Every structure is written in C-alpha cells, then in structure tokens.
Amino acid sequence: MNIASIILFYKKINFYLKFLIKSKYHFNKPKKKKILIFDGNGAFTHYYKSFVKKAEILFIRGEKVNLYILFILIFKFKKISINSYINEYINLVKPKYIFHNSFNIRFFEIDEKNFNFSFKKVFTQSEMKNKFAFNEFIQNKKNLSCNYIFVWNNGMKKLLSKYISGTYFLTGSIINNNGPIINKRKLKKKLVLVSQYRPFKKIKKNDTIDTLRVWRHGFKYSWIQFHKANVDVAVLLKKFCIKNNIEFNIIGTRLENKEGEKKFFKKYLQDSGWKYLENDDEKKDLKKGIHLTSDSKYIVTIDSTLGYECLSRGQRVCFFSIRSKYTGPNFISFGWPLNLKNEGPCWTSRNSKKDFNRLMNTLV
C-alpha cells in the first residue's frame with residue numbers, strides 16, 4: 001500500500017469517527033426545496049446568498065446527521081452508507097438544482113438515473129488545487145458528471161474535462177469578479193506581501209515549530225520550514241522598499257490569531273519599515289484581502305489565491321514559488337495546472353539574488 005492509499009484510508013476512518021463523535025443529530029424530515037446545496041463546506045459563500053436561506057443544505061462531512069434519513073434506510077432494508085444517505089436525502093428534497101462549491105467527489109458521482117425526477121447539478125469552483133490535492137480528489141474515478149461547471153480558467157477546464165463530463169463555463173473567481181474595480185491611475189506607491197501564515201498548534205506535548213511532521217499529501221516537514229518562504233521574501237522586500245522609498249505592508253490572513261501573526265513577522269522584520277494590514281472577513285467587507293490590495297501598485301505572494309486574483313484584475317504581481325526549497329517536495333508550481341517553466345517574467349522557483357532583482361525589475 002503506497003503513501004497516498006494510506007492517507008486516503010485514514011481520511012475515511014477519520015470521516016466516520018466524526019459521524020460518531022462530533023456530529024450534531026437531528027430528526028427533522030428534509031423539506032422539499034427547489035435548490036439543494038451539497039456539502040456544508042462553502043454553502044454560505046456570498047454568491048449563494050440570494051438563495052441559501054431558501055435552500056436545503058446536505059451536510060456530508062459529519063457536522064450534522066439526520067436520523068430521519070437513517071431510519072428511512074433501515075425501514076427500507078437498505079445498506080447504510082454515505083451514498084445511500086445522500087441518495088435518500090436528495091429523494092426527499094426533490095430539488096430542481098443541486099449546487100456544489102467545493103471539490104467533493106461524491107457530488108460528481110450523483111447519478112440522475114437513480115431518481116424518478118430530474119434535476120441539474122451545478123459546480124462553482126471556489127478554490128485552487130495543486131496536483132497532489134487534485135489526484136486525492138479525483139481518485140482515478142470514472143463516469144463522473146455535472147450539468148454546468150463554472151471554473152476559473154482554461155487550464156482547470158482542460159484538466160477537469162478529462163474526468164467530468166458536462167458543459168463548462170470560464171468565469172474566473174466569482175468572489176474576485178465582485179471585488180472592487182482597479183483604478184490604475186490612483187494606485188499608491190506601496191508594495192504588499194500577501195501573508196499565508198497559519199498558527200502553530202501542538203499535536204504532541206513536546207512539539208515545537210521545528211518538529212518534523214507528516215502534513216498534506218504525506219509530505220514531511222516542520223511548521224517553520226513551510227513558513228520560512230514568506231519570512232525570507234519579507235526580509236528582502238523590506239530592504240528593497242526602504243532603498244526605493246516604497247511603503248511596505250503585509251496583508252494578514254483571515255484568522256483569529258492576528259496578534260500571533262503580527263508577532264511572527266515582527267520577529268524577523270523588527271518594529272519599523274513595515275505595516276501590518278488586518279484582514280477581517282467577517283466584520284467588514286472592506287477589510288477583505290481583495291479590498292486591502294485594491295490600492296496597491298505592487299503585490300507579492302508565494303502561491304496565494306489572492307495573488308492570482310490580483311493578477312487577473314490587471315495588477316502588478318510577482319510570485320515567489322519557492323516553498324519547495326524549504327519543505328522538500330515540489331507540490332506547488334506556478335500556474336498549475338498549466339505546464340509552465342520554473343522561471344518566468346513574474347515568477348521564480350529559485351529566488352537567487354539574480355532572480356529577486358529580475359522580479360523586482362518586472363514589478364517596479
């Protein structure tokens with residue numbers, strides 16, 4: 001059994017344990033609705049807000065379990081499984097449309113032929129993937145389908161269409177499409193680095209930021225190895241901005257631990273020569289990342305979605321796709337699923353002194 005198979009096996013065990021331990025149980029019969037949102041993950045995204053309150057949401061990650069569905073399955077002498085649970089839920093709601101906003105393979109396995117009524121499935125891409133995450137998602141499955149598939153770019157369309165049949169639409173990031181319009185004449189002379197900080201959490205008592213762990217996709221590296229890319233680029237950018245009289249800001253992530261993030265960067269950047277811009281996704285729309293970058297002339301990122309969104313809005317963006325230098329495995333490359341070169345006019349995978357100067361010349 002290879003590493004990928006072992007990871008998938010443990011994910012399945014973890015999935016079922018969530019059902020037993022962390023689930024919230026309820027006994028309400030699902031109501032008939034025109035729209036069913038498949039998977040609570042992403043169900044409340046703002047571009048679903050026009051119908052989310054009128055829709056039924058099918059939770060399939062163990063957050064909520066409908067006991068009514070389970071009793072129906074038992075009454076009908078059906079095998080209790082995730083697929084039978086999903087099918088019975090859909091059968092009771094009888095939706096005309098089933099929306100999905102995350103990459104969950106079970107959505108694409110839903111077959112209209114198993115029901116005595118018709119419906120349309122709609123997928124709206126909401127996140128980026130790397131090649132390993134995509135392979136874990138697709139699992140070499142076949143006969144997958146979706147009526148309408150809204151994706152960000154031609155690369156994703158070409159990749160998904162190998163596995164999932166349906167009508168494809170190129171939309172870009174829908175959240176980004178609804179963001180502020182960029183007025184290039186009013187951009188400020190400032191450079192922002194998009195932080196991808198995540199707080200350190202212990203798993204074992206003696207864990208430190210240097211402790212090697214098995215993370216996503218079975219790769220082993222420490223917490224600090226993952227974040228060192230952001231740190232090293234930030235230090236170089238601060239020096240560059242001071243030398244060229246450019247305001248330097250770091251845009252925080254959407255996390256509760258904002259003070260921890262400030263402290264993390266302050267350790268390497270000291271007190272002066274930079275400013276932390278707080279990202280608040282819940283309280284004020286104008287403090288989201290797409291708004292915090294809208295007046296910046298220069299934007300730098302490692303591999304964040306926000307960086308790609310800024311690029312698509314016509315802003316000047318550089319990508320330091322160098323994380324594999326610290327973590328080892330090359331699981332993220334610029335522009336994937338496009339097969340681009342490791343070095344390009346606005347990206348680098350090396351970040352040598354020559355590469356840094358090249359990117360800054362492109363940017364400024």
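Provided above is the structure to which this section pertains.
**Structural notes on the overall build of the chain**
1) Next: Per the secondary structure count, the chain includes 13 helices and 16 strands.
2) Next: Computed over its C-alpha atoms, the radius of gyration of the chain comes to 23 Å, within 12% of the 21 Å expected for a compact globule of 364 residues.
3) Next: Dimensions along the principal axes, computed over C-alpha positions, put the chain at roughly 75 × 50 × 40 Å.
4) Next: Here the chain holds 364 residues, and 47% of them are scored as buried.
5) Next: The long-range fraction of contacts in the chain, counting pairs at least 24 apart against all pairs at least 6 apart in sequence, stands at 61%.
6) Next: For the chain, the accessible surface area stands at approximately 20500 Å², while carbon and sulfur atoms represent 53% of it.

**Describing the layout of surface pockets**
1) Next: Looking at the second largest pocket, its volume works out to about 460 Å³.
2) Next: Looking at the second largest pocket, it is lined by 25 residues, and the ones nearest its centre are W152, N153, Y308, E309 and S312.
3) Next: Contributions of two or more residues to the lining of the second largest pocket are made by α6 (154–160), α7 (174–177) and α11 (305–312).
4) Next: Looking at which element gives the most residues to the lining of the second largest pocket, the answer is α11, with four residues.

**Digging into the side chain of T124**
1) Next: Looking at where T124 falls in the secondary structure, it is placed in strand β6 (residues 120–124).
2) Next: Apart from residues lying up to four places away in sequence, T124 is in contact with Y47, Y48, H100, N101, F150 and I174.

**Concerning the side chain of K190**
1) Next: With respect to the helices and strands, the residue K190 is situated in strand β9 (residues 188–194).
2) Next: Judged by its relative accessible area of 7%, K190 is buried.
3) Next: A distance of 3.2 Å separates a polar atom in the side chain of K190 from a polar atom in the side chain of D295.
4) Next: Non-local contacts of K190, meaning those with residues more than four positions away in its chain, are made with I246, E247, N249, L277, D295, S296, K297 and Y298.

**Here we look at α11**
1) Next: Of all the residues in α11, the buried ones are L306, G307, E309 and C310. Angular distribution of buried residues about the axis of α11 spans 160°; they occupy a single face of the element.
2) Next: In this structure, the buried residues of α11 make contact with α7, β9, α10 (289–292), β14 (296–301) and β15 (316–320).
3) Next: Of the residues one or two after α11, G314 is the one with positive phi, at around 90°.

**Some remarks on the sheet that holds β15**
1) Next: What the six strands build is an open sheet, ordered β13-β12-β9-β14-β15-β16; its pairing is parallel. Unpaired on one side and paired on the other, β13 (275–277) and β16 (347–348) mark the two borders of the sheet.
2) Next: Pairing of β9 with strand β12 (residues 247–251) involves five bridges; the strand directions are parallel. Residue pairing across strands places V192 opposite N249, the latter belonging to β12.
3) Next: Sheet contacts for α11: β9, β14 and β15; angle to β15, the most-contacted strand, approximately 150°.
4) Next: Packing of helix α13 (residues 353–363) onto the sheet brings it into contact with β9, β14, β15 and β16, and relative to β15 it is tilted by some 165°.

**Concerning the packing of aromatic side chains**
Each aromatic ring pair is characterised by the separation of its centres together with the angle its planes make.
1) Next: Scanning the model with the defined rule gives 36 aromatic pairs in all.
2) Next: Centre to centre, the rings of Y148 and F169 are 6.3 Å apart; their planes meet at 50°, and the pair counts as tilted. A residue pair is termed long-range when its members are at least 10 positions apart, and Y148 in strand β7 (residues 144–151) and F169 in strand β8 (residues 164–170) qualify at 21 residues.
3) Next: You can call Y148 partly exposed: its relative accessible area is 32%.
4) Next: With a centroid separation of 6.0 Å and 75° between ring planes, the pair formed by F200 and W223 is classed as edge-to-face. Of this pair, F200 sits in the loop between β9 and β10 (213–214) while W223 sits in helix α8 (residues 223–243), placing them 23 residues apart in sequence.
5) Next: Following the ring pairs from residue to residue traces out a cluster consisting of F38, F103, F107, F108, F123, F134, F137, Y163 and W336.

Calculation criteria
- Residues numbered from 1 in each chain as written.
- Predicted model: local features only at pLDDT ≥ 70, side-chain atom pairs only at ≥ 80, totals over all residues.
- Heavy atoms only, no water.
- Helix = DSSP H or I, 4+ residues; strand = E, 2+ residues; numbered from the N terminus.
- Rg over C-alpha atoms; globule rule 2.2 N^0.38 Å.
- Buried < 20%, exposed > 50% of the residue type's maximum accessible area, 1.4 Å probe, protein only.
- Contact = heavy atoms within 4.5 Å.
- Areas by Shrake-Rupley, 256 points an atom, 1.4 Å probe, with all protein chains shown as cover.
- 1 Å grid on protein atoms, 1.4 Å probe; cavity = no way out; pocket = protein on both sides within 12 Å on 5 of 7 lines; lining within 4 Å.
- Points joined across faces, edges and corners; volume = space filled by probe spheres on them.
- Polar contact = N/O pair within 3.5 Å; in protein donor to acceptor, adjacent residues only side chain to side chain.
- Arc of directions from axis to C-beta.
- Pairing = 2+ DSSP bridges.
- Axes fitted to C-alpha atoms, helices over the stretch in contact; angles between N-to-C directions.
- Phe/Tyr/Trp six-rings, centres within 6.5 Å; stacked < 30°, edge-to-face > 60°.

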